[in-house]
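Structure assessment
Listed below are the residues making up each chain.
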Amino acid sequence: MNLYLSSFRIGREGDTLRRLASGKTLGFIPNALDHVETDARDASNAKALAEVRELGIDAVTLDLRAFFGKDGQLAARLDDLGGVWVRGGNCFVLRQAMHLSGFDEVVRRLATTDFLYAGYSAGVCVLGPTLEALRQVDDPQAVALAYSTSDVIVDGIGILDYLILPHYDSDHPESPSIATAVEYCRSSDTPFKTLRDGEVIVIHDLEGGNF
């Protein structure tokens, strides 16, 4: 698996993303905004999808809600795609959508393939071992607004063994709360890496350890 992990939107490595996505169709996952009012959510998702397509990347919407409770269907859909672009928003809402659709289990199995996982903000936070520090940043209660459950998942997917904290020391509204999350990680011995807006972590061949 290849990873393109941006702090905010595409970041400064758009040419790299284009190369990684060459010949692939990416599924655009919009679910980190499922708690937001419909018109605002649709407008923001349309903009985020357009940014990827403007790079010349073939991308189609992959709404995880369509796969809630439908065992195996998402795996079959992902077999037809070469990767995903996972937008930012609320990491707890996104993590719940990944659980309810089975995406978390499927993407772990794809770690040994040439699948591309790309995204930004919440879309990269969920890859770590835990979301506990991000209670300082995102409201866990947004899960109840998005879906008919009050369950909050604080375990990350575990693709990475550290938590990525985006928007660090940046001109972003969440930067002050990210600084608080950094202090939480330090005091709790949670492994983490920070990203400033514009910065990107690119990992080639995750399973092979070519970091």
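This one's a predicted model, so the numbers in the text were calculated from it and none came from an experiment.

Along the protein chain, the regular secondary structure elements total eight helices and eight strands. For 211 residues, the compact-globule formula gives about 17 Å, and the C-alpha radius of gyration of the protein chain, at 16 Å, lands near that figure. Seen through its C-alpha atoms, the protein chain measures out along the principal axes to roughly 45 × 40 × 30 Å. Looking at the protein chain as a whole, 55% of its 211 residues qualify as buried. Nonlocal contacts in the protein chain, meaning residues at least 24 apart in sequence, comprise 81% of its contacts between residues at least 6 apart. Total accessible area on the protein chain is roughly 9,200 Å²; 45% of this is exposed by carbon and sulfur atoms.

As a further point, take the environment of R77. With respect to the element layout, R77 can be found in helix 3 (residues 73-79). We classify R77 as partly exposed; its relative accessible area is 29%. C-alpha of R77 to C-alpha of L62: the two residues are 15 residues apart in sequence and 9.0 Å apart in space. Those residues in contact with R77, other than ones at most four positions away along the chain, are V60, L62 and F67.

With that settled, the discussion passes to the sheet that holds strand 2 (residues 25-29). Strand order in the open sheet formed by six strands is 3-2-4-5-1-8, and the pairing between neighbours is mixed. Either end of the sheet is taken by a strand with one partner, and the two such strands are strand 3 (58-61) and strand 8 (200-203). Direction aside, neighbouring strands of the sheet carry axes that sit 15° apart on average. Two strands pair when backbone bridges link them, and strand 2 and strand 3 are joined in this way by four bridges, in the parallel orientation. From the neighbouring strand, L26 faces strand 3, where its bridge partner is A59.

A full pass over the atoms with the stated rule returns ten salt bridges. Between R18 and D15 there is a salt bridge; the shortest N-O distance is 2.6 Å. In this pair, R18 and D15 are both assigned in helix 1 (residues 14-20), three residues apart and thus about one turn of the helix distant. The salt bridge involving R65 is made with D34; its shortest N-O contact spans 3.7 Å. Remark: D34 occurs in the loop between strand 2 and helix 2 (38-53) and R65 occurs in the loop between strand 3 and helix 3; sequence separation between them is 31 residues. Overall, D34 belongs to the buried group, its relative accessible area being 6%.

Further remarks concern the packing of aromatic side chains. Taken as a whole and judged by the stated rule, the model has five aromatic pairs. With 5.4 Å between their ring centres and 75° between their planes, F68 and Y147 make a pair best called edge-to-face. Of this pair, F68 sits in the loop between strand 3 and helix 3 while Y147 sits in the loop between helix 7 (142-146) and strand 6 (163-165), and the two are 79 residues apart along the sequence. The class for Y147 is buried, based on a relative accessible area of 7%. Ring pairing ties together the aromatic residues Y4, F8, W85 and Y120, which thus form one cluster.

Criteria and cut-off values
- Residues numbered from 1 in each chain as written.
- Predicted model: local features only at pLDDT ≥ 70, side-chain atom pairs only at ≥ 80, totals over all residues.
- Heavy atoms only, no water.
- Helix = DSSP H or I, 4+ residues; strand = E, 2+ residues; numbered from the N terminus.
- Rg over C-alpha atoms; globule rule 2.2 N^0.38 Å.
- Buried < 20%, exposed > 50% of the residue type's maximum accessible area, 1.4 Å probe, protein only.
- Contact = heavy atoms within 4.5 Å.
- Areas by Shrake-Rupley, 256 points an atom, 1.4 Å probe, with all protein chains shown as cover.
- Pairing = 2+ DSSP bridges.
- Axes fitted to C-alpha atoms, helices over the stretch in contact; angles between N-to-C directions.
- Salt bridge = Lys/Arg side-chain N within 4 Å of Asp/Glu carboxyl O.
- Phe/Tyr/Trp six-rings, centres within 6.5 Å; stacked < 30°, edge-to-face > 60°.

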